[in-house]
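Examination of the molecular architecture
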Amino acid sequence: QGEGIGSVGGGIFLPSGSDADVAGISPVLQLTAAIGFSKHLGAEADFLYVPIQLKDDAMPGSAYNKSSQISATVGIRLSSGQLLVQTNPAIGYLSLRGGFARIVTKSNSEIYDGEWIGRSVDELENPGFGNFQTKSTQKGFVLSPKAGVLIRVSDRAAVDLCAYPMFIFAKGDVTRQFFITASFALAAWQDL
């Protein structure tokens, strides 16, 4: 038998590089599922949604602008133990993941130069006079190592605290993002 862990939580997104000039610290919604094949080896799948908080001066002529990013990653998970087997107060883990990200930016304004987030704004086309909504969508490949700790709150439940960078490869550029999240996790036995 193996161990299955599901967690739901949130956190913060910290933009870096030129994207920090376009976007501020933003909230994050995170859904994670992990399966432990043995005491120290498993797999993880992660979904992340970020309603990106664009700065006021990113598109100063806009009456409306909105940007959001989603990412989905899967990979291997190495851990110091299993939540259901051990009575340790905390279990550490490291996940090595890959996947895809997608960003959508909508506006009725001017264009702005930048990297991952900024480029999605930059690709908006202003069709003419008036307030016409335009949209830019980008997709990229993601690599993301994640380090975390499960802090036990009961025999089957824990608080999952983690921090990780996300490297997004798109159109010849590499964008680096940082995330800090806290989730509520529940564990159950799985027949493998």
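The structure reproduced in this document is the subject of the present report. Remember, it's a predicted structure, so these values are computed and weren't measured experimentally.

Structural notes on empty space enclosed by the protein
- Enumeration over the complete set of coordinates arrives at two cavities of 30 Å³ or more.
- Space inside the largest cavity adds up to approximately 140 Å³.
- Looking at the largest cavity, it is lined by 17 residues, and the ones nearest its centre are Glu3, Ile5, Gly36, Arg77 and Ser79.
- Only β1 (2–15), β2 (26–36), β3 (41–52), β4 (65–79) and β5 (90–107) provide two or more residues apiece to the lining of the largest cavity.
- No other element matches the three residues that β2 contributes to the lining of the largest cavity.
- In terms of residue class, the lining of the largest cavity is made up of seven nonpolar, seven polar and three charged.

Quick word on the pairing of β3
- Here β3 shows a buried face lined by Gly42, Glu44, Asp46, Leu48, Val50 and Ile52 and an unburied face lined by Leu41, Ala43, Ala45, Phe47, Tyr49 and Pro51.
- Sheet topology places β2 next to β3; eight bridges connect them, and they run antiparallel. Looking at the pairing, leucine 29 lines up with tyrosine 49 of β3.
- Connecting β2 to the antiparallel partner β3 that follows it, the hairpin turn spans four residues.
- Pairing of β3 with β4, which is carried by twelve bridges, proceeds in the antiparallel orientation. Bridging across to β4, glycine 42 finds its partner in arginine 77.

Description of the packing of aromatic side chains
- Tallying each qualifying case throughout the model produces four aromatic pairs.
- Consider the rings of tyrosine 164 and phenylalanine 179, whose centres lie 5.5 Å apart with planes at 20 degrees: the pair is stacked. Placement of tyrosine 164 in strand β7 (residues 157–170) and of phenylalanine 179 in strand β8 (residues 173–190) is noted, with a sequence separation of 15 residues between them. The same class applies to tyrosine 164 and to phenylalanine 179, which are both buried.
- An aromatic cluster is present here, built from Phe13, Tyr164 and Phe179 joined pairwise through their rings.
- The side chain of arginine 77 reaches across the aromatic face of tyrosine 93, ending 3.8 Å from its centre.
- Between arginine 97 and the ring centre of tyrosine 164, over which it is positioned, the NZ or CZ distance is 4.8 Å.

Examining the pattern of salt bridges
- All told, the structure shown has five salt bridges when counted by the stated rule.
- For lysine 146, the salt bridge identified is with glutamate 44, shortest N-O distance 3.2 Å. You can see lysine 146 sitting in strand β6 (residues 134–152) and its partner glutamate 44 sitting in strand β3, a full 102 residues away along the chain.
- Its relative accessible area of 1% is what places lysine 146 among the buried residues.
- Note that aspartate 46 and arginine 97 form a salt bridge whose closest N and O atoms lie 3.4 Å from each other. Placement of aspartate 46 in strand β3 and of arginine 97 in strand β5 is noted, with a sequence separation of 51 residues between them. As far as burial versus exposure is concerned, aspartate 46 and arginine 97 are alike and both buried.

Each value, and the rule that gives it
Residues numbered from 1 in each chain as written. Predicted model: local features only at pLDDT ≥ 70, side-chain atom pairs only at ≥ 80, totals over all residues. Heavy atoms only, no water. 1 Å grid on protein atoms, 1.4 Å probe; cavity = no way out; pocket = protein on both sides within 12 Å on 5 of 7 lines; lining within 4 Å. Points joined across faces, edges and corners; volume = space filled by probe spheres on them. Helix = DSSP H or I, 4+ residues; strand = E, 2+ residues; numbered from the N terminus. Nonpolar A, V, L, I, M, F, W, Y, C, P; charged D, E, K, R; others polar. Buried < 20%, exposed > 50% of the residue type's maximum accessible area, 1.4 Å probe, protein only. Pairing = 2+ DSSP bridges. Phe/Tyr/Trp six-rings, centres within 6.5 Å; stacked < 30°, edge-to-face > 60°. Lys NZ or Arg CZ within 6 Å of the ring centre and 35° of its normal. Salt bridge = Lys/Arg side-chain N within 4 Å of Asp/Glu carboxyl O.

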